[in-house]
Amino acid sequence: MKNLELASQNKVFGGWLKQYTHESTSLNCTMRFAIFLPSTASSAQPVPSVYWLSGLTCTDENFSQKAGAFRVAETLGIALIMPDTSPRGEGVADDENYDLGQGAGFYLNATQAPWNAHYRMYDYVVKELPGIVEAHFPVSAVKSIFGHSMGGHGALTIGLKHPDMYRSVSAFSPISHPMNCPWGQKAFAAYLGNNKDDWRLYDACELLKLGKAELPMLVDQGDADNFLNEQLKPEALKAAAALHDSPLELRMQAGYDHSYYFIASFIEDHLHFHARYLFAEQR
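Residues numbered from 1 in each chain as written. Predicted model: local features only at pLDDT ≥ 70, side-chain atom pairs only at ≥ 80, totals over all residues. Heavy atoms only, no water.

## Quick word on the overall build of the protein chain
(1) Moving on: Secondary structure summary: the protein chain contains 10 helices and nine strands in total.
(2) Moving on: Computed over the C-alpha atoms, the radius of gyration of the protein chain is 18 Å, within 12% of the 19 Å expected from 2.2 N^0.38 for a compact globule of 283 residues.
(3) Moving on: With the principal axes as the frame, the protein chain shows a C-alpha extent of 50 × 45 × 35 Å.
(4) Moving on: When contacts within the protein chain are restricted to residue pairs at least 6 apart in sequence, those whose partners lie at least 24 apart make up 71%.
(5) Moving on: With an accessible surface of roughly 11500 Å², the protein chain has 48% of that area assigned to carbon and sulfur atoms. (Helix = DSSP H or I, 4+ residues; strand = E, 2+ residues; numbered from the N terminus. Rg over C-alpha atoms; globule rule 2.2 N^0.38 Å. Contact = heavy atoms within 4.5 Å. Areas by Shrake-Rupley, 256 points an atom, 1.4 Å probe, with all protein chains shown as cover.)

## Things to note about the state of the cysteines
(1) Moving on: For the structure shown, the criterion picks out zero disulfides.
(2) Moving on: Unpaired in terms of disulfides, Cys 58 finds its nearest cysteine sulfur in Cys 181, a separation of 17 Å.
(3) Moving on: We note that Cys 205 lacks a disulfide partner, and the nearest cysteine sulfur, in Cys 181, lies 10.0 Å from it.
(4) Moving on: The class for Cys 205 is buried, based on a relative accessible area of 1%. (Disulfide = S-S within 2.5 Å. Buried < 20%, exposed > 50% of the residue type's maximum accessible area, 1.4 Å probe, protein only.)

## Examining the pairing of strand β2 (residues 15–24)
(1) Moving on: Taken across its 10 residues, β2 has seven buried, putting it largely inside the fold.
(2) Moving on: The sheet contact formed by strand β1 (residues 4–12) and β2 spans eight bridges and is antiparallel. From the neighbouring strand, Val 12 faces β2, where its bridge partner is Gly 15.
(3) Moving on: Where β1 folds back on β2, the antiparallel hairpin that results is connected by two residues, among which Phe 13 adopts a positive phi of roughly 50 degrees.
(4) Moving on: Across nine bridges, β2 lies against strand β3 (residues 29–37) in antiparallel orientation. Its bridge partner lying in β3, Leu 17 is registered against Phe 36.
(5) Moving on: Here β2 hands over to β3 after four residues, with Asn 28 in that stretch at a positive phi of 55 degrees. (Pairing = 2+ DSSP bridges.)

## A short note on the nonpolar core
(1) Moving on: Counting residues in each nonpolar core, the largest one holds 66 residues, and the members touching the most others are Phe 33, Phe 106 and Tyr 191.
(2) Moving on: Residues in contact with Phe 33, not counting those within four places in the same chain, are Leu 4, Lys 18, Gln 19, Tyr 20, His 22, Met 82, Pro 83, Tyr 124, Leu 129, Ile 132, Val 133 and Phe 137. (Core = buried A, V, L, I, M, F, W, Y, C linked by side-chain atoms within 4.5 Å.)

## Here's the deal with the sheet that holds β1
Hydrogen bonding along the main chain pairs the strands of a sheet, whether they run parallel or antiparallel.
(1) Moving on: Within the open sheet, the nine strands sit side by side as β1-β2-β3-β5-β4-β6-β7-β8-β9. Their pairing is mixed. A strand with exactly one partner marks an edge of an open sheet, and here the two such strands are β1 and β9 (248–253). The average angle at which neighbouring strand axes cross in this sheet is 20 degrees, direction not considered.
(2) Moving on: Along the sheet face, helix α4 (residues 150–161) touches β4 (47–53), β6 (139–148), β7 (169–172) and β8 (217–222) and points at about 135 degrees away from the line of β6. (Axes fitted to C-alpha atoms, helices over the stretch in contact; angles between N-to-C directions.)

## A closer look at unusual backbone geometry
(1) Moving on: For the bond running from Ala 113 to Pro 114, omega is 0 degrees, close enough to zero to count as cis.
(2) Moving on: Note on placement: Pro 114 falls in the loop between β5 (79–83) and α3 (121–136).
(3) Moving on: In this model, Asn 28 sits at a positive phi of 55 degrees, which is unusual for a non-glycine residue.
(4) Moving on: One non-glycine residue, Asp 245, adopts positive backbone phi at about 55 degrees.
(5) Moving on: Its location among the elements puts Asp 245 in the loop between α9 (234–243) and β9.
(6) Moving on: Under the relative-accessibility criterion, Asp 245 is labelled exposed at 56%.

## Focus on the environment of Met 82
(1) Moving on: When you line up the elements, Met 82 lands in strand β5.
(2) Moving on: On the accessibility criterion, Met 82 (1% relative accessible area) is buried.
(3) Moving on: For the pair Met 82 and Phe 63, spaced 19 residues apart in sequence, the C-alpha separation works out to 7.8 Å.
(4) Moving on: Leaving out residues up to four positions away in the same chain, Met 82 has contacts with Leu 17, Phe 33, Ala 34, Ile 35, Phe 36, Trp 52, Asp 60, Phe 63, Ser 64 and Phe 70.

## Topic: the pattern of salt bridges
(1) Moving on: What the rule picks out here adds up to 13 salt bridges.
(2) Moving on: With a closest N to O distance of 3.4 Å, Arg 71 and Glu 268 form a salt bridge. Of this pair, Arg 71 sits in helix α2 (residues 70–76) while Glu 268 sits in helix α10 (residues 260–278), and the two are 197 residues apart along the sequence.
(3) Moving on: Taking relative accessible area as the criterion, Arg 71 reaches 40% and is therefore assigned partly exposed.
(4) Moving on: For Glu 268, a relative accessible area of 35% puts it in the partly exposed group.
(5) Moving on: The salt bridge partner of Asp 99 is Lys 186, with a shortest N-O separation of 2.7 Å. On the criterion of sequence distance, the pair formed by Asp 99 in the loop between β5 and α3 and Lys 186 in helix α5 (residues 182–192) is long-range, its members being 87 residues apart.
(6) Moving on: In this structure, a network of salt bridges that share partners links the residues Asp 197, Arg 200, Glu 206 and Lys 209. (Salt bridge = Lys/Arg side-chain N within 4 Å of Asp/Glu carboxyl O.)

Structure follows, in structure tokens:
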């Protein structure tokens, strides 16, 4: 496997969780990602996959260690692909705060210095990483995408812009309207500059205003999430989806917060949701 180095591997529920590092051409640095391959995956029988995008401060390991997804993925015969949340390393621009820089890539292509030298997570997730995965692992081109918080924002925007590439999209506690919340405004101003038209390209609410979404969407949001009103704004997502009757199921979950306890509680629902479309006949 050219440009891929195995960093770790663990057998789990009959399948394999493996971490790899590689030199990324999109991000101009060494990147790490994890992949879970169910026991049914083989070159003769490649399996569909779901890409997981994590939130602020996370790496691939938060999901793999806390979400409890592998038993269900093994049963369904689905691969899970888990990239890091940003470029990292010496020479990669950073910020002293947790919500900008390393660990906070926001799944966009930065246009402003110094961020534009490395911060092209959109291209990495949409183009480079699927190319690597589909070339070197027993994974088909059939895929879906989901994520949490900043990663929920990434999953929604990527899915909405590329309905030809994905079968379905889901999110836990997504940053639904980043143009209208402190996290998004800070990141967008730094990475993209002050032109709000550039921001709209990475805002799920703004994308939904353009027309009816082609992908089925499932969003879970805890009503005890301490970021709910200031940062996440699910009501704006619901209103934007309603404009063109886009296929969004938004579930408010009583008592749940922003943590991986929330994700672990509903991860099975999300994987079964994606399986419904991954194994259906092509639309």
